[in-house]
Amino acid sequence: MQNNKYFTDLDKQHYLQVYGRYPLAIKKAKGCKVWDYDGNKYIDAFAGIAVNNIGHNHPRLVKAITKQLKKLIHISNFYVSKPQVMLAKKLTEISGLERAFFANSGAEANEGAIKLARKYSHSKGKGGTIISLENCFHGRTLATLATGKEKYQLGFEPIPTGFKKVAWNDITALSAAIDKETAGVILEVIQGEGGVNILSKEYLTKVRDLCNEKDIVLICDEVQCGMGRTGKFFAYEHFGIKPDIITLAKGLGGGMPIGAILTNQKIADAITFGEHGTTFGGNPLTSAAALETILILEDEKLLDAAIEKGNYFVKKLKEIALVHKEIKEIRSLGLMIGVELSFPGRELAEKMLHKGVLSNCTADNVIRFVPPLVISKKEMDFVLSIFIESLKEVKA
Ligand code: PLP
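Throughout what follows, the structure given in this document is the object of discussion. On a predicted model such as this, the values are computed, not experimentally measured, just so you know.

Procedures and definitions
- Residues numbered from 1 in each chain as written.
- Predicted model: local features only at pLDDT ≥ 70, side-chain atom pairs only at ≥ 80, totals over all residues.
- Heavy atoms only, no water.
- Pairing = 2+ DSSP bridges.
- Helix = DSSP H or I, 4+ residues; strand = E, 2+ residues; numbered from the N terminus.
- Axes fitted to C-alpha atoms, helices over the stretch in contact; angles between N-to-C directions.
- Contact = heavy atoms within 4.5 Å.
- Expected span 1.5 Å × (residues − 1).
- Buried < 20%, exposed > 50% of the residue type's maximum accessible area, 1.4 Å probe, protein only.
- Arc of directions from axis to C-beta.
- Polar contact = N/O pair within 3.5 Å; in protein donor to acceptor, adjacent residues only side chain to side chain.
- Near = heavy atom within 4 Å.
- Areas by Shrake-Rupley, 256 points an atom, 1.4 Å probe, with all protein chains shown as cover.
- Nonpolar A, V, L, I, M, F, W, Y, C, P; charged D, E, K, R; others polar.
- Core = buried A, V, L, I, M, F, W, Y, C linked by side-chain atoms within 4.5 Å.

## Thoughts on the sheet that holds strand E16 (residues 360–362)
Then, number 1: Spatially, the four strands line up as an open sheet ordered E13-E14-E17-E16, and their pairing is antiparallel. Each edge of the sheet is formed by a strand with only one pairing partner; in this case those strands are strand E13 (327–333) and E16. Ignoring which end each strand starts from, the neighbouring axes of this sheet average 25° apart.
Then, number 2: Pairing between strand E14 (residues 336–341) and strand E17 (residues 366–369): four bridges, direction antiparallel. For Glu340, the partnering residue across the bridge sits in E17 and is Val366.
Then, number 3: Contacting E13, E14 and E17, helix H14 (residues 377–395) runs over the sheet at an angle of about 165° to E17.

## Some points on helix H3 (residues 59–71)
Then, number 1: Along its 13 residues, H3 runs 19 Å from first to last C-alpha, staying within 8% of the 18 Å computed at 1.5 Å per residue.
Then, number 2: Within the span of H3, buried status applies to Leu61, Ala64, Ile65 and Gln68. All buried residues of H3 project into a common sector of 95° when viewed along the axis, lining one side. Set apart from the buried face of H3 by more than 90 degrees, the exposed residues are Pro59, Lys63, Lys67 and Lys70.
Then, number 3: Where H3 is buried, its residues meet helix H4 (82–95) and helix H11 (284–299).

## Points about the sheet that holds strand E4 (residues 99–103)
Then, number 1: Overall, mixed pairing links the seven strands, which are arranged E4-E12-E11-E10-E7-E5-E6 in an open sheet. The sheet terminates laterally at E4 and strand E6 (163–166), the two strands that pair on one side only. For this sheet, the mean angle separating the axes of adjacent strands, direction not counted, is 20°.
Then, number 2: With five bridges joining them, E4 and strand E12 (residues 259–263) adopt antiparallel strand pairing. Looking at the pairing, Phe102 lines up with Ala260 of E12.
Then, number 3: Sitting on the sheet, helix H5 (residues 106–123) touches E4, strand E5 (129–133), E6, strand E7 (182–187), strand E10 (217–221), strand E11 (245–248) and E12, and the angle it makes with E11 is about 165°.

## A word on the side chain of Thr8
Then, number 1: As for its placement among the helices and strands, Thr8 is situated in helix H1 (residues 4–14).
Then, number 2: Classification of Thr8 by relative accessible area gives buried; the value is 15%.
Then, number 3: In terms of polar contacts, Thr8 uses its side chain to reach the backbone carbonyl oxygen of Lys5, at 3.2 Å.

## Notes on unusual backbone geometry
Then, number 1: Looking along the chain, the bond that leaves Glu157 and enters Pro158 is cis, with omega of 0°.
Then, number 2: Looking at the secondary structure, you find Pro158 in the loop between helix H7 (150–153) and E6.
Then, number 3: With a phi angle near 45°, Asn57 is a residue other than glycine that sits in the positive phi range.
Then, number 4: Mapped onto the secondary structure, Asn57 falls in the loop between helix H2 (47–50) and H3.
Then, number 5: Residue Asp215 is not a glycine yet carries a positive backbone phi of 55°.
Then, number 6: Counting through the fold element by element, Asp215 comes out in the loop between helix H9 (201–214) and E10.

## Some words on the environment of Ser376
Then, number 1: Mapped onto the elements of the fold, Ser376 is located in the loop between E17 and H14.
Then, number 2: Distance in space between the C-alpha atoms of Ser376 and Lys309 is 8.3 Å, their sequence separation being 67 residues.

## Re the site of the ligand
Then, number 1: Around the ligand, the surrounding shell holds 13 residues, and the nearest of these are Gly106, Ala107, Asp221, Gln224 and Lys250.
Then, number 2: Between the ligand and Lys250, the relevant distance is 2.9 Å, taken from an oxygen atom to a side-chain nitrogen or oxygen of the residue.
Then, number 3: Alone, the ligand offers 390 Å² of accessible surface; in the complex the protein occludes 82% of this.
Then, number 4: When the residues that make up the shell around the ligand are grouped by side-chain class, the tally is three nonpolar, six polar and four charged.

## Section: the nonpolar core
Then, number 1: The biggest cluster of nonpolar side chains holds 96 residues, and the ones touching the most others in it are Leu187, Val189, Phe369 and Phe387.
Then, number 2: Per-element accounting of this core gives the leading share, ten residues, to helix H12 (residues 302–323).
Then, number 3: In contact with Leu187, not counting residues within four places along its chain, are Leu133, His138, Leu199, Leu204, Val207, Leu218, Ile219, Cys220 and Asp221.
Then, number 4: With 20 residues, the next largest nonpolar core counts Ile114, Leu116, Ile159 and Ile186 among its residues.

Next up, the structure:
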């Protein structure tokens, strides 16, 4: 019988055991609804880690992918393809940055961004050190591990050198860390995996000024907070800064695996033929999906929806927090929402799952809600009611 147990047992036998997976296998999804192999229905408040921003299997996305599938799936980056070039045009228009490059994931986009920053710095006769912020997450490849938490580095030594970490929201610490070896600073304006921590506008303005003054590259990792989730296309837009490099992935392809690096001409001029590349990155299929995803975000005004729905959700959460003092803080921008608890949150997220809501606990005690931007009021109310019910049970 092909049920949840059948597939989760197979997973335990055959898959590399690196994920603490929940005991269910997902069969299909539509909009904000997800079904498992036992026939249970869930409301998705996690969107595959902030990926399905336009909802699962949006009919327009399915149509665009199917259309492209019948024409051309892959051709390599030795040739130009229409979907890729149209996507590059669209993203450069939206961002106001001159150049796009496509990768396959967020980590790969960040690796490329690090390479670009180093190349620019070396072209100026300076060093290659990349500074990141404590509590950040930029991926699981070796260079991105080097930017992140020690706990993810353990056992994978030697970790690449040329990286430094400083406290977040601390301009004195950043300023002190910059020297002639520094190539760039990489940061998330809202730290997703780190617990939905929002950097301050004052700090980010100073970071931008410092990078200008020292001629070092500012990389904004928008992998999680980008693509409309916060109510702007890119979350950094809320803070009045403009990075030299933006990295994207997750929500970019509507569920298809694609990452992107966007950069200004000054940085782009430092790199030339043969110095970076990828086989699959931005192939016709994933590019067609990403282009349609952006058009859907625009046509359905999902950026405005993210603000409006985020406000509603957070207002309700604040009412809940008045009664439940275990909620220490609610941090949010649009539909990127973190609820910090006074206790570890994994059990609460599991309870919610068993009651029909997909959510997530990050940074040990933060329940993260990053639902598709198409979530309805009724679905939000359901998520909130399950959150309260589960919170009460965990407390008891
Ligand atoms: N950057 C940020 C901010 C992320 O949240 C993530 C993944 O969670 C990554 C990079 C890595 O992306 P990927 O898992 O696609 O490599």
